[in-house]
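# Structure at a glance
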Amino acid sequence: MFEVSLARLLSIAHGQELSYMVISLALLGYGIATPLLSRLRKVREGDASKWPLALSISIPLILAAAHFISVDSQRLVWEWGPWLKVSIFYFLFTIPFLFAGLTIASLLSKMPEKSFLLYSGDLIGAGVGALLPFFFLPLSSCWIAAILSATGGILLAKDIKQKIAGAALGGLAIFLTIFKPTDSFELKFSPSRGLPTALLEPGAKLKETHWSPWTRIDIFSAAAARVAPGLSLNYLSDIPKFDGIAVDGDQIFPRINDDPQYYDLSFLDNLPQALPYSLIPQHPSVLLIHTQGGVERFEAVFHRAFAELIEKDKLFRSVQFPTYTGWHIVPVRGYLNRKRQPYDFIIIGHLGGGGALSTGMSSMRQDFNLMVETLRLAYQNLTDRGFVVVHLYRLPPERLEYRLVNTMIESLKKSGVEDPAKHLSIVRSLQTYTFLMSRNPISQEIFAKMKDFCNAKGFELIYPSQNSNLFSELIAQKDIGTPFALDPITDDRPFPEQSLRLGNIKKIVAAAKGHWQIVLEGGGWSFAVFLQTILASILILGLSGAVRSGGHLNLYFLAIGFGFIFVEIGWMQRLSILLTHPAQGVPIVLGGMLLGSGLGARVGEFIKIKSLSGIACFVAAFVAFSSAFFLRYAIEFVSAYPPSLFLLFFSVAFFAVPLGIPFPAMLSLLKEPRKIAWLWGINACASVCGAVLAAALAPIAGFTSIFLIASGCYLLAALASRLSRSSAQI
């Protein structure tokens, strides 16, 4: 529960990309328990009840300490100073998971014969706890986790003093849950996030903050609300000042009054977003996807079109336009699969981010609306005169722009279009690109309207154009000589800003005029973090002291650690596509896998088969292999129906049952506490490294390959299980 809530808090304060660090943090904390148990006899043989009590008190203390640490992730790529803060940050949040790891590892070391019971209880509790953030705000979930930890300490305690201490800690956590003193415990925003940057504007002031379990919306008064991205330089009048809206502390949108007469909105006709309405001026039907009801919605109002809006969270409706009737709080693909009435324009929002800002972590961002599969569905929901429209900020050198063109071409081909080039158009302003994908080939009449609009506003029609350029060559399927990866964005490789080609690193640095940071930005960051986790794992195991457990046993626990985390990361990505909301996909998969694995461990206790560990690994390998090829089609089928979060949760739990058997099945056969602690550490370190390695490999090899690697890991574990038995290592 604390893991899911911390991931949410980190995603708000530092970005969705850093929230995935929590998985590695948790596993690292569990791994550090290994040297403590191996080296320190008092820790190994002491009373286990003190560890859940330490976990309970560490949660508020760590959050209070982290409140005073500000980490600017952008500066990491050119300064060494922020790395110290990141290291402190990383160390602090490892501490609660260390205490959790010491709790379960010490119990397993003392009672290996009850491995199935202890392991299943731990996982089932964690799985159920992952559901609670669906009902509570992130900080409240942290306090509830502290209450539950204190309760566990009381139940384990034999001494009356420890029971009193547990009751006191539980009472403190209850106080924090009720009175919510958030100012002292909320994580500080990274200075490079959109909201703190906007609040630096003269006269800027934070006015309101709204929360749901999945979204935070801040309303502020400032001039940095990004009201007019790409505004024509021919427009010389003043732009009205609006309040701004920051979504999860970063994405910035204007908050425009629901009455269009309240402001002078004539500037809207001088934005690139007005282009579609110059092509179909007579009351077009419009669908806005994840635009947060900003400028795009008022472009529709200004041009007398009724717009329907798809958003991730009903909080947008209550904050923006509560009386507006065109809201749909549904997953995008589910809505497009079910919708029968086509639209003239389907406009996909992508202008709420940081504009021409970039960080080394941007390669890990996922935008499920810019994938081949989503664009194909959008195309199929157009009228005969309709367009799919995407607006992007310009960020040279062009990479995402080229990838989007290839993605549109691929989606048109999958829709049966023979000549995609006749369906595309691209317009460039000083700040933005506008991409249009038409249902039917663009006629000369429409082309003339585009030229007239661009000439009047001072924009550039770069495709179709009489002048050759890189976009026209790319659309003509010519090699444009870029060193970047320009593959279409798909469900299997859902990272639009991942542009790194490992064989072209020198050319990429040369294209950026020697700025090596572009390698991190394009995807090299994840490999750098992977090397860091390798070094941390070697250090942990080195401090533990080598234990003669046998090479086959080491290989077994290493393989199941990699296999489990690879399946977990892959399932998170697949479900996030279905829900269009990673903040929901992560707890559903994490909780479902933990619950299912816990049930599997409990069931495994009653299966009296000598080679249970090997058989369980074969079944787990089949689950991973099936996920590589069949999960995608199952999700496409399910997306046509409104997904039930609880149904998805229990579906994940069902398929995760065999994944929970291999670990306790082998551990229950061992007797020596130090050997158990050592193998526990190997498994935890494999999971730490596997979480980062999966993130590094997925943009290059695809998630299908991640599942296949997981299947191979479980097959390797099955072989190691057989060899360990034949060599009498257990």
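In this report, the structure presented in the accompanying data block is examined. (Residues numbered from 1 in each chain as written. Predicted model: local features only at pLDDT ≥ 70, side-chain atom pairs only at ≥ 80, totals over all residues. Heavy atoms only, no water.)

Hydrogen bonding along the main chain pairs the strands of a sheet, whether they run parallel or antiparallel. The strand order β7-β6-β5-β8-β9-β11-β10-β12 describes an open sheet built from eight strands, whose pairing is mixed. What marks the edges here is a single partner per strand, and that holds for β7 (327–329) and β12 (460–463). When the angles between neighbouring strand axes are averaged without regard to direction, this sheet yields 20 degrees. Lying on the sheet, helix α17 (residues 444–457) is in contact with β9 (382–393), β10 (424–428) and β12; it crosses β12 at an angle near 140 degrees. (Pairing = 2+ DSSP bridges. Helix = DSSP H or I, 4+ residues; strand = E, 2+ residues; numbered from the N terminus. Axes fitted to C-alpha atoms, helices over the stretch in contact; angles between N-to-C directions. Contact = heavy atoms within 4.5 Å.)

This paragraph deals with the nonpolar core. One broad rule of soluble globular proteins: the nonpolar side chains tend to lie buried together. Among the nonpolar cores identified, the biggest contains 113 residues, and Phe93, Leu187, Phe557, Trp571, Met593 and Leu659 are the most heavily contacted of them. Ranked by residues supplied to this core, first place goes to helix α21 (residues 551–579) with 16 residues. Judged by nonpolar contacts, the second largest core, of 48 residues, contains Leu288, Phe387, Phe447 and Met450. (Core = buried A, V, L, I, M, F, W, Y, C linked by side-chain atoms within 4.5 Å. Buried < 20%, exposed > 50% of the residue type's maximum accessible area, 1.4 Å probe, protein only.)

Moving on, we get to the pattern of salt bridges. A side chain with one charge may pair with a side chain of the opposite charge, provided their charged atoms come close. Under the defined criterion, the tally for this structure stands at 11 salt bridges. Lys207 is paired through a salt bridge with Asp243; the nearest N and O atoms lie 2.8 Å apart. Of this pair, Lys207 sits in strand β1 (residues 205–211) while Asp243 sits in strand β3 (residues 243–247); the two residues are 36 residues apart in sequence, bridging distant segments of the chain. Of the residues examined, Lys207 reaches a relative accessible area of 45% and is grouped as partly exposed. For Arg574, the salt bridge goes to Asp492, with nearest N and O atoms at 3.3 Å. (Salt bridge = Lys/Arg side-chain N within 4 Å of Asp/Glu carboxyl O.)

Here we take up the pairing of β1. Here six bridges tie β1 to strand β2 (residues 216–221), and the two strands are oriented antiparallel to one another. Paired with Thr209 across the strands is Asp218, a residue of β2. Here β1 folds back onto β2 in antiparallel fashion, the turn holding four residues.

Pairing in this open sheet of four strands is antiparallel, and the strands run β1-β2-β3-β4 from one edge to the other. Each end of this open sheet is capped by a strand with a single partner; those strands are β1 and β4 (251–255). In this sheet, neighbouring strand axes are inclined to one another by 25 degrees on average, regardless of whether the strands run parallel or antiparallel.

Turning our attention to helix α15 (residues 372–380). Among the nine residues in α15, seven count as buried, and that is most of the element. Taken as a whole, α15 has its buried residues at Val372, Glu373, Thr374, Leu375, Leu377, Ala378 and Tyr379. Taken together, the buried residues of α15 touch α14 (332–338), β8 (343–348), β9, α16 (400–414) and β11 (432–438).

For the rest of this paragraph, the subject is the packing of aromatic side chains. Inspection of every chain in the model, using the stated rule, returns 13 aromatic pairs. An angle of 80 degrees between the planes, with centres 5.3 Å apart, marks the rings of Tyr556 and Phe557 as edge-to-face. The same class applies to Tyr556 and to Phe557, which are both buried. Sitting over the face of the ring of Phe298, Arg297 holds its NZ or CZ atom 5.0 Å from the ring centroid. In this structure, Arg439 is placed above the aromatic ring of Tyr379, and the distance from its NZ or CZ to the ring centre is 4.7 Å. (Phe/Tyr/Trp six-rings, centres within 6.5 Å; stacked < 30°, edge-to-face > 60°. Lys NZ or Arg CZ within 6 Å of the ring centre and 35° of its normal.)

Attention shifts here to the pairing of β8. Across the six residues of β8, six count as buried, placing the element largely inside the fold. Sheet topology note: the strand β5 (residues 285–289)/β8 ladder contains four bridges and is parallel. Residue pairing for β8: Val286 is matched across the bridge by Phe345. Pairing of β8 with β9 involves five bridges; the strand directions are parallel. When the bridges of β9 are listed, Ile348 appears paired with Val390.

Moving on to unusual backbone geometry. In this chain, Tyr463 is followed by Pro464 through a cis amide linkage whose omega measures -5 degrees. Within the secondary structure, Pro464 sits in the loop between β12 and α18 (470–475). For Asp248, which is not glycine, the phi dihedral falls at a positive 55 degrees. Positionally, Asp248 belongs in the loop between β3 and β4. Take Asp248: its relative accessible area is 16%, and that puts it in the buried class. Despite not being glycine, Gln477 shows a phi value in the positive range, around 65 degrees. Following the sequence through the fold, Gln477 ends up in the loop between α18 and α19 (505–511).

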